[in-house]
Amino acid sequence: MGSGQTVAVFGAYGHTGRFVVAELVERGFVPVLSGRDAAKLKALAYETGLEARVASVDAPDSLDRALAGAAAVINCAGPFASTTAPVIEAALRAKIPYLDVAAEIEANIDTFAHFADRAREAAAVIVPAMAFFGGLGDLLATAAMGDWTQADEAHIAYGLSSWHPTAGTRLSGAVSRERRGERRMRFTNGQWDYRTDAPPTLEWRFPEPMGSRSVIGEFTMADVVTVPSHLAIPDVTTYMTVEAVRDIASPDTPVPSAADESGRSDQTFLIDAVVRSGGAERRAVAHGQDIYAVTAPLVVEALDRVLTGRTRTVGVAAAGEIFDAPDFLRALSPHITLELLP
Ligand SMILES: NC(=O)c1ccc[n+]([C@@H]2O[C@H](COP(=O)([O-])OP(=O)(O)OC[C@H]3O[C@@H](n4cnc5c(N)ncnc54)[C@H](OP(=O)(O)O)[C@@H]3O)[C@@H](O)[C@H]2O)c1
């Protein structure tokens, strides 16, 4: 695994970037640390013994230098409204794959809209939202589909024990809200619907032992972009436990704190992905710990598969489209416990 290939990580010194850097090292890759702040980069380079290259999204030549000689780039720098396009352009110039962990719906939509044709023509690989939100839910929904070629509905319910957001999460949320003019979005009848009313609160029956919990419905996350980008499902809805919504809505909720030596917090998650077709229902469930930390094995597993040609398409592609979803999910053990239920 890894075979010593160099991988540029943009946003390397962020909370998620650090988990990604550690996972790359763990799997035998050589991360090149990149980001805009020379002092923060230098500190991380000192701590890890890795090479650091300062780069700014406003200076394409600095991004070219950051990506020089790298086999791929992983973008962990959000808000992605500012970073996605410049880093993708640099990856296209360098002719290397690009993966990001963006959970900003508008940025994810832009990546498909602006780069799909160029990436396909160049046989380039661009994987947006290759993370907890947008990646894992999409892999689960795809695995749940099994041999179905279409479904009527997909529902992805997030059972988070709590959600202590990073500064990047708060900033990205604010940018998203501003971009959509304080409206909320849902995906229904095969299209985006913008609404100003309050989202519904309802009960969701998670698999035991979590059981029935209050959730906010139409709490739209990146999976609502990734799932319909490749699956014929006209209604895709995501749900979030009310405790987690309260946490991220409160300005007083602290940032995540380490509960073990790997830096993971004690937050636990359960994702319940359900697809329905006619009267039938199929389900895939994942459990794990810390949505930021688990993003690292997700994106590094994706990177490994891209670099070893274990992919199904080129262009801009969501996780469930470009990878063999059940095989990918099984490879995530022990980071994720998986149940596939007929
Ligand atoms: N999809 C998912 O499930 C998932 C999972 C984890 C993270 N994320 C997303 O990933 C992003 C980072 O999260 P985080 O937890 O790592 O937050 P964080 O600890 O606050 O780190 C944010 C990082 O982005 C960098 N950054 C921000 N704007 C930049 C710009 N214009 N140019 C260069 N670098 C910039 C920051 O650098 P400075 O310190 O120099 O500002 C920092 O390195 C957020 O958007 C978050 O929503 C998504």
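Given the structure is predicted, the values throughout are model-derived calculations rather than measurements.

Student: Please provide a residue-by-residue account of the nonpolar core, values included.
Tutor: Ranked by size, the top nonpolar core spans 81 residues in total, and within it Met-130, Phe-132 and Trp-163 carry the most contacts. When residues of this core are assigned to domains, at least three map to each of domain 1 (6–130 + 295–322) and domain 2 (133–291 + 337–341). For Trp-163, the contacting residues outside a window of four places in its chain are Phe-133, Thr-169, Phe-219, Met-221, Met-240, Ala-244, Asp-247, Ile-248, Thr-253, Gln-267, Ile-291 and Tyr-292. Within the second largest apolar cluster, 27 residues are counted, among which are Phe-10, Ala-91, Ile-105 and Phe-115.

Student: Go over the sheet that holds strand E15 (residues 315–316), please, and point to the residues and values.
Tutor: Taken in spatial order, the seven strands make up an open sheet running E3-E2-E1-E4-E5-E6-E15, and their pairing is parallel. The strands lining the two open edges of the sheet, one partner per strand, are strand E3 (52–54) and E15. Taken strand by strand, helix H2 (residues 38–48) contacts strand E2 (30–35) and E3, and its axis lies near 160 degrees from that of E2.

Student: Describe the packing of aromatic side chains, with residues and values.
Tutor: Counting across every chain of the model gives eight aromatic pairs. Residues Phe-187 and Trp-192 carry aromatic rings whose centres are separated by 5.4 Å and whose planes lie at 70 degrees to one another, so their mutual orientation is edge-to-face. When the ring of Phe-323 is compared with that of Phe-328, the centres are 5.1 Å apart and the planes differ by 40 degrees; the resulting orientation is tilted. Take Phe-328: its relative accessible area is 0%, and that puts it in the buried class. Taken together, Phe-132, Phe-133, Tyr-158, Trp-163 and Phe-269 form an aromatic cluster joined through their ring pairs.

Student: Any details on the pattern of salt bridges? Residues and values, ideally.
Tutor: Overall, the coordinates contain 27 salt bridges when judged by the stated rule. The shortest N-O distance in the salt bridge between Asp-260 and Arg-264 comes to 3.1 Å. Judged by relative accessible area, which is 27%, Asp-260 ranks as partly exposed. In this structure, Asp-327 and Arg-305 form a salt bridge, with 2.9 Å as the shortest nitrogen-oxygen distance. Here the residue Asp-327 occupies a position in helix H12 (residues 325–331), and Arg-305 occupies one in helix H10 (residues 295–307), the gap between them amounting to 22 residues. By relative accessible area, Arg-305 is classed as buried at 3%. Each member of the salt-bridge network shares a partner with another, and the members are Arg-27, Glu-301, Asp-304, Arg-305, Arg-310 and Asp-327.

Student: How would you sum up the domain arrangement of the protein? Please name residues and give values.
Tutor: Partitioning the protein into domains gives domain 1 (6–130 + 295–322) and domain 2 (133–291 + 337–341). Between the C-alpha centres of domain 1 and domain 2 there is a distance of 23 Å. Between domain 1 and domain 2, the contact holds 23 residues from the first and 30 residues from the second. Buried area between domain 1 and domain 2, summed over both chains or domains, comes out near 2,100 Å², and the portion from carbon and sulfur atoms is 67%. Taken together, the links from domain 1 to domain 2 amount to two salt bridges. Our count for the domain 1 to domain 2 interface comes out at seven residue pairs in polar contact (both at pLDDT 80 or more). Mapped by element, the contributors of at least two residues to the side of domain 1 that touches domain 2 are helix H1 (15–26), helix H5 (105–121), H10 and helix H11 (319–322). Top contributing element to the side of domain 1 that touches domain 2 by residue count: H5, with seven residues. Tallied by class, the residues present in the side of domain 1 that touches domain 2 amount to 14 nonpolar, five polar and four charged.

Student: So what's going on with helix H4 (residues 80–94)? Which residues, and what values?
Tutor: In this model, H4 (15 residues) spans 20 Å end to end at C-alpha, consistent with the 21 Å of a helix rising 1.5 Å per residue. Looking at the packing, one finds that the buried side of H4 touches strand E1 (6–10), helix H3 (60–67), strand E4 (72–75), strand E5 (98–100), H5 and strand E6 (125–127). Positive phi appears at Lys-95, one or two residues downstream of H4, with a value of about 60 degrees.

Student: Just give me the short version of the site of the ligand, but keep the residues and values in it.
Tutor: In the vicinity of the ligand there are 29 residues, among which Tyr-13, Arg-36, Lys-40, Phe-133 and Ser-172 approach most closely. Note that an oxygen atom of the ligand is positioned 3.4 Å from one of the backbone N or O atoms of Gly-14. Measuring from a nitrogen atom of the ligand, one finds a backbone N or O atom of Val-101 at 3.0 Å. For the ligand, whose unbound accessible area comes to 920 Å², protein coverage reaches 88%. Elements supplying a minimum of two residues to the shell around the ligand: H1, H4, helix H6 (132–145) and helix H7 (167–179).

Basis of the calculations
Residues numbered from 1 in each chain as written. Predicted model: local features only at pLDDT ≥ 70, side-chain atom pairs only at ≥ 80, totals over all residues. Heavy atoms only, no water. Core = buried A, V, L, I, M, F, W, Y, C linked by side-chain atoms within 4.5 Å. Buried < 20%, exposed > 50% of the residue type's maximum accessible area, 1.4 Å probe, protein only. Domains from an automatic or database assignment. Contact = heavy atoms within 4.5 Å. Pairing = 2+ DSSP bridges. Helix = DSSP H or I, 4+ residues; strand = E, 2+ residues; numbered from the N terminus. Axes fitted to C-alpha atoms, helices over the stretch in contact; angles between N-to-C directions. Phe/Tyr/Trp six-rings, centres within 6.5 Å; stacked < 30°, edge-to-face > 60°. Salt bridge = Lys/Arg side-chain N within 4 Å of Asp/Glu carboxyl O. Buried area = accessible area lost by both parts, 1.4 Å probe. Polar contact = N/O pair within 3.5 Å; in protein donor to acceptor, adjacent residues only side chain to side chain. Nonpolar A, V, L, I, M, F, W, Y, C, P; charged D, E, K, R; others polar. Expected span 1.5 Å × (residues − 1). Near = heavy atom within 4 Å. Areas by Shrake-Rupley, 256 points an atom, 1.4 Å probe, with all protein chains shown as cover.

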